[in-house]
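Structural characterization, general
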Amino acid sequence: MTPLHQINYAGIRLWLKHDYLCPTGSYKDRGAAVLVNRASSLGVRSGVEDSSGNAGCAIAAYCALAGMSCQIYVPAGTSPNKLRQIEAYGADIIKISGTRQDTSDAVKHAAKTSTYLSHIYDPHFYQGTKTIAFELYEQMQGNLPDQIILPVGHGTLLIGIWHGFSQLMELGLITHIPELIAVQAAACAPLYAAWSGSETPGSLPTLAEGIAIARPPRLKQMLRAVRESNGRVEIVSESNIADSQSEAWRHGLFIEPTSAVVLAAAVNLSLQGFLAERTVCLLSGHGLKSVC
Ligand SMILES: Cc1ncc(COP(=O)(O)O)c(C=O)c1O
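None of these values were measured; they are calculated from a predicted model.

Thoughts on the overall build of the protein
Along its length, the protein carries 11 helices and 10 strands. Here the C-alpha atoms of the protein give a radius of gyration of 18 Å, agreeing with the 19 Å that 2.2 N^0.38 yields for 292 residues. Taking the principal axes of its C-alpha atoms as reference, the protein extends roughly 50 × 40 × 40 Å. Looking at the protein as a whole, 56% of its 292 residues are labelled buried. Taking as baseline every contact in the protein between residues at least 6 positions apart, the subset at least 24 positions apart corresponds to 74%. For the protein, the accessible surface area stands at approximately 11,800 Å², while carbon and sulfur atoms represent 53% of it.

This is the structure we're talking about:
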């Protein structure tokens, strides 16, 4: 149960859910805990995973706890602190030069002879990330927010939260899903392109390394989650991301750039008149991972 609290940020009132306070410093712990537990219970003793950093940290940590070994494939340019963290848990790091997509391609080759502990493909991961919806339901005593703003790359956070709220609906505990506002960096925004029907630059480098995913395999599901919740997709510029990270730090919120995109989007939504009264911003990754 990560904390939820309200602040005034750049003149707007927001609820913040502090998921960067999970044990490895990002929300990925939720999915990794379930996925690795399941693999371990099936007798898996080692595996491979690909990551822009945070999923690798989480899988490495829970593998260490389960006494399993793992190899984490990462883009060569991944933040050094995330690499140090993965190594500290005893995992092997395989650096792949090129884009995040090149890393995905490399791990698929390795997965032919090893168990793929994939946070993207393995459905158990989403059983973990869905708990955010359950926590919000409990923390807000069933009085759900109008909107939830979250960063989206492969969509494990988006699809997980959507899945959690869908289950609460099936149980008759809620009547609708809050609007899910998916945020992408303008430099790499395939979901925005699919949602808005517009052209985007494709895959340019971005400060938001965790969401620099040019071809997410679950794009259709991501689109469905946004549409079924009456949500929207927002893009933020590189200067927006940098400014909102600095502004977050000045509010005592030590988050990484991938996480700061939600605050940039909240301000943009407010300027456009689209920000709802009761909005939760999901803060997904710790700032200590992005400073040297
Ligand atoms: C801090 C942080 N937030 C959000 C995300 C987005 O997660 P996903 O790629 O599953 O959409 C990531 C992914 O690595 C991340 O590291």
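Some words on the side chain of His-286
With respect to the secondary-structure elements, His-286 resides in the segment after strand 10 (279-283). You can call His-286 buried: its relative accessible area is 19%. Contact partners of His-286, with chain neighbours within four places excluded, come to Tyr-20, Gly-25, Phe-254, Ile-255 and Glu-256.

Concerning the sheet that holds strand 4 (residues 69-75)
Each strand in a sheet pairs with another by means of backbone hydrogen bonds, the pair being arranged parallel or else antiparallel. Strand order in the open sheet formed by 4 strands is 5-4-3-6, with parallel pairing between adjacent strands. Lying at the two open borders of the sheet, with one neighbouring strand each, are strand 5 (92-96) and strand 6 (115-116). Alignment of strand 4 against strand 5, held across 5 bridges, turns out to be parallel. Each bridged residue has a counterpart across the sheet, and for Gln-71 the counterpart in strand 5 is Asp-92.

Topic: empty space enclosed by the protein
Empty pockets left among the atoms are what a rolling probe the size of a water molecule brings to light. Applying the stated rule across the entire model yields 1 cavity of 30 Å³ or more. Taken as a whole, the largest cavity holds about 250 Å³ of empty space. Ranked by residue count, the leading element in the lining of the largest cavity is helix 7 (residues 156-170), at 3 residues. Partitioned by chemical class, the residues of the lining of the largest cavity number 8 nonpolar, 13 polar and 3 charged. Counting only domains with at least three residues in the lining of the largest cavity, you end up with domain 1 (4-26 + 126-289) and domain 2 (28-125).

What counts and what doesn't
Sequence order sets the numbering: in each chain, residues are counted from 1 along the sequence as written. The predicted nature of this model means local features are confined to residues of pLDDT at least 70 and side-chain atom pairs, given and counted, to a pLDDT of 80 or more, with totals for whole chains, interfaces and linings taken over all residues. To get the side-chain values, take all heavy atoms of the structure and skip hydrogens and water. Numbering of helices and strands starts at the N terminus; helices are DSSP runs of H or I of at least 4 residues and strands are runs of E of at least 2. Atoms counted for the radius of gyration: C-alpha only. Globule rule: 2.2 Å times the number of residues to the power 0.38. Burial classes follow relative accessibility: with a 1.4 Å probe on protein chains only, a residue under 20% of its type's maximum area counts as buried, one over 50% as exposed, and anything between as partly exposed. It only takes one pair of heavy atoms within 4.5 Å for two residues to be counted as in contact. Using a 1.4 Å probe, accessible areas were evaluated by the Shrake-Rupley method; residue-level cover was limited to the displayed protein chains. If DSSP finds at least two bridges between two strands, the strands pair. Using only the protein atoms, space was sampled on a 1 Å grid; points where a 1.4 Å probe fits but cannot get out form cavities, open sets with protein on both sides within 12 Å along at least five of seven lines form pockets, and lining residues are those with an atom within 4 Å of a point. Grid points are joined across faces, edges and corners, and a volume is the space filled by probe spheres set on the points. Classification used: nonpolar for Ala, Val, Leu, Ile, Met, Phe, Trp, Tyr, Cys and Pro, charged for Asp, Glu, Lys and Arg, polar for all others including Gly. Just so you know, the domain bounds were taken from an automatic or database domain assignment.

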